[in-house]
Amino acid sequence: MDIGKYLGIPTVMSLLIRTHVGAFKLEDAFTTEEIGLLPHMALLSIDFPIKHLPKYVISDEEAVMIKQGKQIAVKEDEEITEKFIRLYKDKEFAGIGRYVFSEHKIAPHKVVL
């Protein structure tokens, strides 16, 4: 809602401080000086913003298929309830998969292999 329009007077925003956006929080932010002194401390893992998505581990063969743009079958003992999932080959982030509910398969969505 535009408060100024509602009140019938012109208004201008002079300051906006975002306290968080998704997984990123202001209290965890680094100043440019801190980054200059200890740049490695400010680095986050590539999968940090999507930690809320379920994790799914794929084999070497499945990783090749995902890299080629092919779907992979979901393991029989696995139940997936979300549309998007984080994919890992061993402990390495491999990308984001899209669960195809009708086929019980995972399709590549974003691949970083």
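Report on the accompanying structure. (Residues numbered from 1 in each chain as written. Predicted model: local features only at pLDDT ≥ 70, side-chain atom pairs only at ≥ 80, totals over all residues. Heavy atoms only, no water.)

Per the secondary structure count, the chain includes three helices and seven strands. When the elements of the chain are put in sequence order from the N terminus, they spell out α-β-β-α-β-α-β-β-β-β. Relative to a compact globule of 113 residues, whose C-alpha radius of gyration would be 13 Å, the chain shows 21 Å and is clearly more extended. By its C-alpha atoms, the chain is 60 × 45 × 25 Å across when sized along the principal axes. Looking at the 113 residues of the chain, the share that counts as buried comes to 22%. Taking the intrachain contacts of the chain between residues at least 6 apart in sequence as the baseline, contacts between residues at least 24 apart amount to 48%. As presented, the chain carries roughly 8900 Å² of accessible surface, and 58% of it is formed by carbon and sulfur atoms. Placing the 15 positive and 17 negative side-chain charges of the chain at their respective mean positions leaves the two points 5 Å apart. (Helix = DSSP H or I, 4+ residues; strand = E, 2+ residues; numbered from the N terminus. Rg over C-alpha atoms; globule rule 2.2 N^0.38 Å. Buried < 20%, exposed > 50% of the residue type's maximum accessible area, 1.4 Å probe, protein only. Contact = heavy atoms within 4.5 Å. Areas by Shrake-Rupley, 256 points an atom, 1.4 Å probe, with all protein chains shown as cover. Lys, Arg positive; Asp, Glu negative; His and termini not counted. Charge placed at Lys NZ, Arg CZ, Asp CG, Glu CD.)

Residues Tyr56 and Ile58 of strand β3 (residues 55-58) are buried on one face, while the alternating residues Lys55 and Val57, pointing to the opposite face, are not. When β3 meets strand β5 (residues 84-89), the two strands line up parallel, connected through four bridges. By the bridge assignment for β5, Tyr56 is matched with Leu87. (Pairing = 2+ DSSP bridges.)

This paragraph deals with the environment of Lys105. With respect to the helices and strands, the residue Lys105 is situated in strand β7 (residues 105-111). Not counting residues within four places of it along the chain, the set of residues in contact with Lys105 comprises Gln71, Ile72, Ala73, Val74, Arg98, Tyr99 and Val100.

Bringing the packing of aromatic side chains into the picture now. The full count for this structure, using the stated rule, is three aromatic pairs. Aromatic pair Tyr99 and Phe101: ring centres 4.5 Å apart, planes at 70°, arrangement edge-to-face. Residue classification places Phe101 among the partly exposed residues on the basis of a relative accessible area of 48%. We note Lys55 situated over the ring of Tyr88; from NZ or CZ to the ring centre the distance is 4.8 Å. (Phe/Tyr/Trp six-rings, centres within 6.5 Å; stacked < 30°, edge-to-face > 60°. Lys NZ or Arg CZ within 6 Å of the ring centre and 35° of its normal.)

Turning our attention to the sheet that holds strand β4 (residues 72-73). In space, the five strands of this open sheet follow the order β3-β5-β6-β7-β4, with mixed pairing throughout. Only two strands of the sheet have a single partner each, and these edge strands are β3 and β4. Here strand β6 (residues 92-100) pairs with β7 via six bridges, running antiparallel. Bridging across to β7, Ile96 finds its partner in Lys110.

What follows concerns the pattern of salt bridges. Where side chains of opposite charge bring their charged atoms close, a pairing between them can arise. Summed over all chains, the structure comprises five salt bridges. A salt bridge links Lys75 to Glu62, with the nearest nitrogen and oxygen atoms 3.9 Å apart. Of this pair, Lys75 sits in the loop between β4 and β5 while Glu62 sits in helix α3 (residues 60-67); the two residues are 13 residues apart in sequence, bridging distant segments of the chain. Residue Lys75 is classed as partly exposed on the basis of its relative accessible area of 31%. Here the salt bridges share partners, and the residues they tie into one network are Asp47, Lys51 and Arg86. (Salt bridge = Lys/Arg side-chain N within 4 Å of Asp/Glu carboxyl O.)

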